[in-house]
Amino acid sequence: FDLIVLGAVDAFALSGEGVAILKDYVNSGGSLLVLGGLYSFGGGRFEEFGLNEILPLRVKRTFDLVQPAGKAIWDSAAWTALMGENGKPPKLGKIAWAHDVGAAPDALVWIRVGERPLVAASVLGKGRVVAVAATTLGDEDGSGAFWRSPAWGQTMEKIVQWLVTGVE
């Protein structure tokens, strides 16, 4: 596989052995995309099972879902340098709930909500990792949810392209 996606997966489901295999996969040149949700980051026991160690976004506490203040905004330099796009980054829809996470020391934070990192990337061994702290929780009426935004679809497409470019 060129890319493994963990979408709201509790690290307990992977087990300590599964997390070790995932670390080896990334170190050997694989790519990993981790998405936020009820069973991700703090709620997914990432720290307890060692998954936190390979992510560009780090768990701060177990119950980590917050309603972030502000809009999701791309770092302009990251958009240009890492995504290969000139001009302004796309405007993303509102984020109703996100994980209150910190950035790892070597992380490249691509998108923030206020001061909180929302999307970050890192290189681990020969592989690449992107973590997305946004969740699809909230906004039940569907008016303005970030995942419904064409810009978010384009952003995810660019993220996946970055992840699989150069995978051995």
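Report follows, based on the coordinates. Keep in mind that what you see is a predicted model, and the values were worked out from it rather than measured. Sequence order as written defines the numbering, with residues in each chain counted from 1. With pLDDT at 70 or above as the cut-off, local features in this predicted model cover only qualifying residues; side-chain atom pairs require 80 or more to be listed or tallied, and sums for whole chains, interfaces and linings still use all residues. Hydrogens and water molecules were not included; the side-chain quantities draw on all heavy atoms of the structure.

### Looking at the overall build of the protein
Alright, step 1. Each helix and strand in the protein was counted, giving three helices and 10 strands.
Alright, step 2. Numbered from the N terminus, helices here are DSSP runs of H or I no shorter than four residues, and strands are runs of E no shorter than two. Written out in order from the N terminus, the α and β elements of the protein read β-α-β-β-β-β-α-β-β-β-β-β-α.
Alright, step 3. With C-alpha atoms as the basis for the radius of gyration, the globule rule is written as 2.2 Å multiplied by the number of residues raised to the power 0.38. For 168 residues, the compact-globule estimate of 2.2 N^0.38 gives 15 Å, and the C-alpha radius of gyration of the protein, at 15 Å, lies within 12% of that figure.
Alright, step 4. Dimensions of the protein, computed from the C-alpha atoms along their principal axes, are close to 40 × 35 × 25 Å.
Alright, step 5. The cut-offs for exposure are 20% and 50% of the maximum accessible area for each residue type, with area from a 1.4 Å probe on protein chains only; residues under the lower value are buried, those over the upper are exposed, and the others partly exposed. For the protein, buried positions account for 48% of its 168 residues.

### Quick notes on the packing of aromatic side chains
Alright, step 1. In this analysis, rings of Phe, Tyr and Trp, with Trp reduced to its six-membered ring, are considered paired at centre separations within 6.5 Å, and the interplanar angle assigns stacked below 30 degrees, edge-to-face beyond 60, and tilted for intermediate values. Using the criterion set out here, one finds four aromatic pairs in the structure.
Alright, step 2. Centroid distance Phe 12 to Phe 49: 5.9 Å. Interplanar angle 70°. Geometry classified as edge-to-face. Linking Phe 12 in helix H1 (residues 11–27) with Phe 49 in the loop between strand E2 (31–35) and strand E3 (57–59), this pair joins segments that are 37 residues apart in sequence.
Alright, step 3. What makes Phe 12 exposed here is its relative accessible area of 51%.
Alright, step 4. Ring centres of Trp 74 and Trp 110 lie 6.0 Å apart, and the angle between their planes is 20°; on these two criteria the pair is classed as stacked. Of the two residues, Trp 74 sits in strand E5 (residues 72–74) while Trp 110 sits in strand E8 (residues 108–113), which places them 36 residues apart along the sequence.
Alright, step 5. Among the aromatic residues, ring-to-ring pairing joins Trp 74, Trp 110 and Trp 162 into one connected group.
Alright, step 6. Here the basic side chain of Arg 128 rests over the ring of Trp 162, its NZ or CZ set 4.4 Å away from the ring centre. Here, a charge over a ring means that NZ of Lys or CZ of Arg falls within 6 Å of the ring centre while also lying within 35 degrees of the ring normal.

### Looking at the nonpolar core
Alright, step 1. Among the buried residues, those of types Ala, Val, Leu, Ile, Met, Phe, Trp, Tyr and Cys that are joined through side-chain atoms within 4.5 Å form a nonpolar core. One finds Trp 110, Leu 118 and Val 130 to be the most contacted residues of the largest nonpolar core, which totals 47 residues.
Alright, step 2. For this core, the element with the highest residue contribution is helix H3 (residues 150–164), accounting for six residues.
Alright, step 3. Every residue pair with non-hydrogen atoms within 4.5 Å of one another is taken to be in contact. Apart from the residues within four sequence positions on either side, Val 130 is in contact with Leu 32, Leu 33, Val 34, Pro 56, Trp 110, Val 119, Ala 120, Ala 121, Ile 159, Trp 162 and Leu 163.

### A short note on the layout of surface pockets
Alright, step 1. In this structure, the largest pocket encloses a volume near 210 Å³.
Alright, step 2. Taken together, Lys 71, Ala 72, Ile 73, Trp 74, Ser 76, Lys 88, Pro 89, Pro 90, Lys 91 and Leu 92 make up the full set of residues lining the largest pocket.
Alright, step 3. In this count, Pro and Cys sit with the nonpolar residues alongside Ala, Val, Leu, Ile, Met, Phe, Trp and Tyr, while Asp, Glu, Lys and Arg are called charged and the others, Gly among them, polar. Across the lining of the largest pocket, the residue classes tally to six nonpolar, one polar and three charged. Only protein atoms enter the calculation, which uses a 1 Å grid: trapped sets of points that fit a 1.4 Å probe without letting it out are cavities, open sets showing protein on both sides within 12 Å along at least five of seven lines are pockets, and any residue with an atom within 4 Å of a point is a lining residue. Grid points are joined across faces, edges and corners, and a volume is the space filled by probe spheres set on the points.

### As for the pattern of salt bridges
Any two side chains of opposite charge can pair, so long as their charged atoms come close to each other.
Alright, step 1. Whenever a carboxyl oxygen of Asp or Glu lies within 4 Å of a side-chain nitrogen of Lys or Arg, that contact is scored as a salt bridge. Applying the stated criterion across every chain yields a total of five salt bridges.
Alright, step 2. Between Asp 100 and Lys 60 there is a salt bridge, with its nearest N and O atoms 3.2 Å apart. Taken together, the residues span a long stretch of sequence, with Asp 100 in the loop between strand E6 (98–99) and strand E7 (101–103) and Lys 60 in the loop between E3 and strand E4 (65–66) at a distance of 40 residues.
Alright, step 3. Owing to a relative accessible area of 7%, Asp 100 belongs among the buried residues under this scheme.
Alright, step 4. Put simply, Arg 116 and Asp 100 hold a salt bridge, and the shortest N to O gap is 2.6 Å. Placement of Arg 116 in strand E9 (residues 116–124) and of Asp 100 in the loop between E6 and E7 is noted, with a sequence separation of 16 residues between them.
Alright, step 5. Assessed through its relative accessible area of 29%, Arg 116 is described here as partly exposed.

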